[in-house]
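For reference, the chains in residue letters:
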Amino acid sequence: MYKTIEAYYENGKIIYKEAMPPLKKAILLITIVEEGSRKIPKLSRFKGILKKRGNGLAYQKKIRSEWD
C-alpha cells in the first residue's frame, strides 16, 4: 500500500505535519519542493499566436470524419 504524508525539512530534521504512520520498515520516496518565490515566465511573447476560428464544435465536426 502506498501512503503520502506531508512533512517539512528544517535544519536537518524532518518534522511531520501529522503523526508518523506506525511502520516498522518501509521504503521512502522523497520529493523536495523548495519554498520561496518562483520566477513566473512572461507569456506575453505568445500573444496572438492562437486565434479563435468561430464555433469550436462546428470546427471539430468539420475535421472529424467519425462525426458524419
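Structure: see above.
Figured I'd write up the structure that's included with this text.

Relative to strand β2 (residues 13-16), strand β1 (residues 7-10) runs antiparallel, the two being bridged by four bridges. Bridging from a neighbouring strand, Y9 pairs with I14 of β2. The hairpin formed by β1 and β2 contains two residues between the paired strands, and N11 there has a positive phi angle of roughly 50°.

In this section: the pattern of salt bridges. What the rule picks out here adds up to one salt bridge. Residue E6 is joined to K17 by a salt bridge in which the shortest nitrogen-to-oxygen separation is 3.6 Å. Highlighted residues: E6 in the segment before β1 and K17 in the loop between β2 and α1 (56-63), separated in sequence by 11 residues. Here E6 falls in the partly exposed class, since its relative accessible area comes to 43%. Judged by its relative accessible area of 53%, K17 falls in the exposed class.

What counts and how
Residues numbered from 1 in each chain as written. Predicted model: local features only at pLDDT ≥ 70, side-chain atom pairs only at ≥ 80, totals over all residues. Heavy atoms only, no water. Pairing = 2+ DSSP bridges. Helix = DSSP H or I, 4+ residues; strand = E, 2+ residues; numbered from the N terminus. Salt bridge = Lys/Arg side-chain N within 4 Å of Asp/Glu carboxyl O. Buried < 20%, exposed > 50% of the residue type's maximum accessible area, 1.4 Å probe, protein only.

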